[in-house]
Amino acid sequence: LADTFSMTGVSPYWTVISICFVVSVLSNFLGQFITALLPESARAGGGFAVLLVSYVVNILFSLYLANLRQKLRVTLGGEAKDCCLDAMLYWLCGCCLVIQDARQVDGATGTRVDCCLSLNRLNPQPPAGGAMMVGQPVYGQAVIGQPVIGQPIMGQVVQPQPEAVENNPNKT
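Each residue is numbered by its place in its chain's sequence as written, counting from 1. It should be noted that, the model being predicted, local features are given only for residues of pLDDT at least 70 and side-chain atom pairs only at 80 or more, the latter also being counted only at that level, while totals for whole chains, interfaces and linings use all residues. Side-chain figures throughout are based on the complete set of non-hydrogen atoms in the structure, without hydrogens or water.

Trainee: It is not clear to me how the overall build of the chain should be interpreted in this structure. Could you clarify?
Mentor: Each helix and strand counted, the chain has 6 helices and 2 strands in total. Strands are runs of DSSP state E lasting at least 2 residues, helices are runs of H or I lasting at least 4, and numbering of each runs from the N terminus. Reading the secondary structure of the chain in the N-to-C direction produces α-α-α-α-α-β-β-α. When accessible area is computed with a 1.4 Å probe and restricted to protein chains, residues below 20% of their type maximum are described as buried, those above 50% as exposed, and intermediate ones as partly exposed. Looking at the chain as a whole, 20% of its 172 residues are labelled buried. Partitioning the intrachain contacts of the chain with sequence separation of at least 6 by distance along the chain shows that 50% fall at a separation of at least 24. Accessibility throughout is a Shrake-Rupley quantity obtained with a 1.4 Å probe, and a residue counts as covered only by protein chains that appear here. Surface accessibility of the chain: about 13,300 Å² in total, with carbon and sulfur atoms responsible for 62%. Between two residues, a contact is recorded if the distance between any of their heavy atoms is within 4.5 Å.

Next up, the structure:
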């Protein structure tokens with residue numbers, strides 16, 4: 001999640017990690033804190049306050065992730081749309097969207113992650129008729145050069161003469 005957004009420049013890695021940590025801690029401790037403030041008769045409900053706080057915090061987190069996903073779409077050359085749908089999908093099945101986003105970024109950058117410690121560079125084939133474009137177009141004048149053609153240079157192996165080694169005064 002954090003790697004996907006940081007790899008594309010949407011959000012810094014540690015910002016996303018920190019927010020994920022805060023959401024996890026906040027939804028648990030805030031719910032427990034509110035439950036402790038309730039009168040004894042209201043606590044018998046079985047943790048309704050914890051559940052309610054968890055829902056509210058996770059909905060806010062889903063809105064944050066949907067906003068990042070909109071930025072990711074724009075970065076990859078698409079348009080920002082359906083923010084509410086993204087938020088709802090992050091809230092209902094966030095792991096599915098995390099995988100989908102990671103696969104989109106992998107496809108755009110020509111990489112594949114086999115496991116968390118193995119990043120493989122792919123050689124994507126450009127579409128017929130041109131090169132593959134990823135991200136925003138860059139405008140400027142094209143530079144066309146000439147290929148360098150040459151012949152390999154053959155060297156000679158030089159070996160010391162045996163008598164030169166024997167007569168060397170620096171020999172120990």
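Trainee: I would appreciate a short explanation of the state of the cysteines in the present structure.
Mentor: One way to say it: the disulfide is the covalent bond shared by the sulfur atoms of two cysteines. Cysteine sulfur atoms are paired as a disulfide whenever they fall within 2.5 Å. One pass over the full model with this rule turns up 1 disulfide. One disulfide in the model links cysteine 93 with cysteine 96; its S-S distance is 2.3 Å. Handedness of the cysteine 93-cysteine 96 disulfide follows from its S-S torsion of about 40°: it is right-handed. Of this pair, cysteine 93 and cysteine 96 both sit in helix H5 (residues 83-109), separated by 3 residues, roughly a single helical turn. The class of cysteine 93 is partly exposed, set by a relative accessible area of 29%. Classification of cysteine 96 as partly exposed rests on a relative accessible area of 45%. Lacking any disulfide linkage, cysteine 84 is separated from the closest cysteine sulfur, that of cysteine 83, by 5.9 Å. You can call cysteine 84 exposed: its relative accessible area is 68%.

Trainee: Can you help me understand the packing of aromatic side chains in this one?
Mentor: Here a ring pair, both rings aromatic, is described through the centre-centre distance and the interplanar angle of the planes. When two rings of Phe, Tyr or Trp (its six-membered ring) have centres within 6.5 Å they constitute a pair, described as stacked for plane angles under 30 degrees, edge-to-face for angles over 60, and tilted for the intermediate range. A complete count under the given rule lists 3 aromatic pairs for this structure. Summarising the aromatic geometry, the rings of tyrosine 13 and tryptophan 14 are spaced 5.1 Å apart at their centres and angled 90° between planes, so their arrangement reads as edge-to-face. Assessed through its relative accessible area of 62%, tryptophan 14 is described here as exposed. Consider the rings of phenylalanine 61 and tyrosine 64, whose centres lie 6.4 Å apart with planes at 20°: the pair is stacked. Note that phenylalanine 61 and tyrosine 64 are positioned in helix H4 (residues 48-75) at a spacing of 3 residues, about one turn of the helix.

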